[in-house]
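# An overview of the molecular structure
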Amino acid sequence: MHKINNFFRIAIILILCASYASGAALSFEGSACTAGVQYNSEAEPGDAIVVRMTLRGKERKRAAQDTVAQAELYADTKKIDSAQFFYINQKAKRQSVQELLAYVPVSMWVPDGSYSIKVVYSAFGSEAEEFTLPVTVIKKDFISETIALDARNTGIRTNTSPERVAQIEKLNALLGTVILSDVYTIKPFVPPVAADTRRTSLFGDRRIFRYTDGKSATSAHYGIDYGVPEGTSIAACADGKVVMAENRITTGFSVVVAHAPGLYSLYYHLSALNVKEGQSVKQGDVLGLSGKTGLATGPHLHWEVRLNMCAVSPDFFTGDYAYTKQQ
């Protein structure tokens, strides 16, 4: 990206021109285009800030090169996370009107308070320009729980074997992969089991694991646990591509599905797999059957969503997070 011009020519021509329950709409004037923006100005820890940006070239002609844009989350002057924008429609990437999205994770550990999103972009031949969006993180209280592990689960939780280390590294490398052209869906997710299914653990729960030797360890719960009987069909929460379908020491039979650049859903502790790596799936397709494989105290489904490696709340993505109903 070009160096930012200290005298960037961006004037805010309309502030908070419309408000929606899910966010705000604003417009910014750049040197070569007008940027229309929709985003959620409020979020809880574990949510995401989703910025939808429409760029309209002032000369009404095809762009000569791709737009390069990034959204950066700041606490005062400290950048705490960022994400690249991607084209919603790859075929229109060099048209005079372009639609882009960026999903910036808000960690479950972020304290409440005032933040900002800085959008830096270079489009229609212009040097890098920027504008800033105000963001408020709302306080959220997470549940604390203590889980006593039997000898089997203690062994899994404390396993330091090369095999388990390799599995963790493989998953982290996969979740850290961001391919801007891989846009399978931007539509709302649906839970992988019936929406009214009992939740046995919530996203962000603070956990203390008690081991059989009297020692303990603390962690946070990265997803939602559903109390379903073994053999329950588990459905894909959204369209995507299967990027992992295998048996792992900690999570048992596991499936990972890619949905958009850096956005993945994960399904753990299955008893059987119904898909293979590389397979395309549609929302509602059966990925496998629930079980209690890996580190599990009983039959259940662990459903998790990762964004740029950060664990985020699956519930956030069951809403119209990408403003598909406001086009």
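Here goes a summary of the coordinates provided. (Residues numbered from 1 in each chain as written. Predicted model: local features only at pLDDT ≥ 70, side-chain atom pairs only at ≥ 80, totals over all residues. Heavy atoms only, no water.)

### What about the sheet that holds strand β15 (residues 216-220)?
Filter applied, for reference: Strands qualify as paired when DSSP identifies two bridges or more between them. A run of H or I in DSSP becomes a helix once it reaches four residues, and a run of E becomes a strand once it reaches two; helices and strands are each numbered from the N terminus. To get an axis, fit a line to the C-alpha atoms, keeping to the stretch in contact for a helix; angles then go from 0 to 180 degrees between the N-to-C directions.
If you trace the 3 strands from one edge of the open sheet to the other, you get β12-β14-β15, paired in mixed fashion. Since the sheet does not close on itself, it has two edges, and those belong to β12 (144-148) and β15, each with one partner. The average undirected angle you get between the axes of adjacent strands in this sheet is 20 degrees. The sheet contact formed by strand β14 (residues 206-210) and β15 spans 5 bridges and is antiparallel. Bridge assignment links Arg 207 to a residue of β15, and that residue is Ser 219.

### Some details on the pattern of salt bridges
Here is the rule we go by: Salt bridges are defined by distance alone: a side-chain nitrogen of Lys or Arg within 4 Å of a carboxyl oxygen of Asp or Glu. Only protein chains enter the accessibility calculation, which uses a 1.4 Å probe; a residue is then buried when its area is under 20% of its type maximum, exposed when over 50%, and partly exposed in between.
This structure, assessed with the given rule, holds 15 salt bridges. In this structure, the salt-bridge partner of Lys 79 is Glu 72, at a minimum N-O distance of 3.9 Å. Across the pair Lys 170 and Glu 246 runs a salt bridge whose closest N-O atoms are separated by 2.7 Å. Residue Lys 170 is found in helix α2 (residues 162-175), and its partner Glu 246 is found in strand β18 (residues 240-248); the two are separated by 76 residues along the sequence. Residue Lys 170 is classed as partly exposed on the basis of its relative accessible area of 41%. Beyond isolated ion pairs, a larger network of salt bridges with shared partners links Asp 66, Lys 93 and Arg 94.

### Quick word on the environment of Val 190
Using the following cut-off: Note on definitions: a residue-residue contact is assigned when non-hydrogen atoms from the two residues lie within 4.5 Å.
The residue Val 190 is located in the loop between α2 and β13 (199-201) in this model. Residue classification places Val 190 among the partly exposed residues on the basis of a relative accessible area of 34%. Taking C-alpha positions, Val 190 is 20 Å from Cys 310, a pair spaced 120 residues apart along the chain. Setting aside residues up to four positions removed in sequence, Val 190 forms contacts with Ala 236, Cys 237, Gln 283 and Trp 303.

### Some remarks on the environment of Ser 114
Residue placement: Ser 114 occurs in strand β10 (residues 113-122). Ser 114 gets classed as exposed once you look at its relative accessible area, which sits at 62%. When the C-alpha atoms of Ser 114 and Ser 216 are compared, they prove to be 35 Å apart, with 102 residues separating the residues in sequence.

### What to know about the sheet that holds strand β7 (residues 78-84)
With mixed pairing, the 5 strands of this open sheet are ordered in space as β4-β11-β10-β6-β7. Edge positions in the open sheet fall to β4 (42-43) and β7, since each of these has one partner strand only. Here 9 bridges tie β10 to strand β11 (residues 129-137), and the two strands are oriented antiparallel to one another. By the bridge assignment for β11, Ile 117 is matched with Leu 133.

### Notes on the nonpolar core
Filter applied, for reference: We define a nonpolar core as any set of buried Ala, Val, Leu, Ile, Met, Phe, Trp, Tyr and Cys residues linked to one another through side-chain atoms lying within 4.5 Å.
Grouped together as the largest cluster of nonpolar side chains are 76 residues, with contacts concentrated most on Tyr 39, Met 53, Tyr 103, Ile 117, Leu 133 and Phe 317. Among the elements that line this core, the one with the most residues is strand β5 (residues 48-57), at 6 residues. Here Tyr 103 is in contact with Ile 49, Val 50, Ala 83, Phe 86, Ile 186, Ala 260, Leu 263, Leu 307, Asn 308, Tyr 321 and Ala 322, once residues within four sequence places are set aside. Counting residues in each nonpolar core, the second largest holds 9 residues, with Leu 174, Leu 175, Met 244 and Ala 258 among its members.

### Focus: the layout of surface pockets
Once rolled over the atoms, a probe with the size of a water molecule shows which space is left empty. Formally: Points on a 1 Å grid over protein atoms alone make up a cavity when a 1.4 Å probe fits among them but cannot get out, and a pocket when they form an open set with protein on both sides within 12 Å along at least five of seven lines; lining residues each have an atom within 4 Å of a point. Grid points are joined across faces, edges and corners, and a volume is the space filled by probe spheres set on the points. Any residue outside Ala, Val, Leu, Ile, Met, Phe, Trp, Tyr, Cys, Pro, Asp, Glu, Lys and Arg is labelled polar, Gly included; the first ten of those are nonpolar and the last four are charged.
Counted as a void, the largest pocket has a volume near 890 Å³. Contributing to the lining of the largest pocket are 33 residues, with Arg 207, Phe 209, His 221, Thr 250 and His 302 lying nearest its centre. Those elements giving two or more residues to the lining of the largest pocket turn out to be β12, α2, β13, β14, β15, β20 (263-273) and β23 (301-307). The leading source of residues in the lining of the largest pocket is α2, at 4 residues. Grouping the constituent residues of the lining of the largest pocket by class yields 11 nonpolar, 13 polar and 9 charged.

### Brief notes about the packing of aromatic side chains
Applicable threshold: Any two rings among Phe, Tyr and Trp, with Trp reduced to its six-membered ring, count as a pair given centres within 6.5 Å; such a pair is stacked if its planes are under 30 degrees apart, edge-to-face if over 60, and tilted if neither. Definition used: whenever NZ (Lys) or CZ (Arg) falls within 6 Å of the ring centre and also within 35 degrees of the ring normal, the charge is taken to sit over that ring.
Enumeration over the complete set of coordinates arrives at 8 aromatic pairs. Judged by centre distance (5.0 Å) and plane angle (70 degrees), the ring pair of Phe 317 and Tyr 321 falls under edge-to-face. For the pair shown, Phe 317 and Tyr 321 are each scored as buried. Ring pairs connect the aromatic residues Phe 86, Tyr 103, Phe 189, Phe 316, Phe 317 and Tyr 321, which therefore count as one cluster. For the cation-ring pair, Arg 206 lies above Trp 109, with the distance from its terminal atom to the ring centre recorded as 4.0 Å.

### Focus: the pairing of strand β22 (residues 286-290)
The side chains of a regular strand alternate, residue by residue, between the two faces of the sheet. Strand direction decides the pairing type here: strand β17 (residues 233-235) and β22, joined by 3 bridges, are antiparallel. For Ser 233, the partnering residue across the bridge sits in β22 and is Leu 289. Across 3 bridges, β20 lies against β22 in antiparallel orientation. By the bridge assignment, Leu 270 is partnered in β22 with Ser 290.

### Observations regarding α2
Rule in force here: How far a helix is expected to stretch is found by multiplying one less than its residue total by 1.5 Å. The arc in question is traced by the directions running from the helix axis to the C-beta atoms.
Counted at 1.5 Å a residue, the expected span for α2 with its 14 residues is 20 Å, and the 20 Å between its end C-alpha atoms agrees. Along α2, the residues that are buried comprise Arg 164, Gln 167, Leu 171, Leu 174 and Leu 175. Burial along α2 is one-sided: seen end-on, the buried residues are contained in an arc of 95 degrees. Among the exposed residues of α2, those oriented more than 90 degrees off its buried face are Pro 162 and Glu 169. Lining the buried residues of α2 we find α1 (151-157), β18, β19 (252-260), β20 and β23.

Read these as spatial facts, not as claims about activity.
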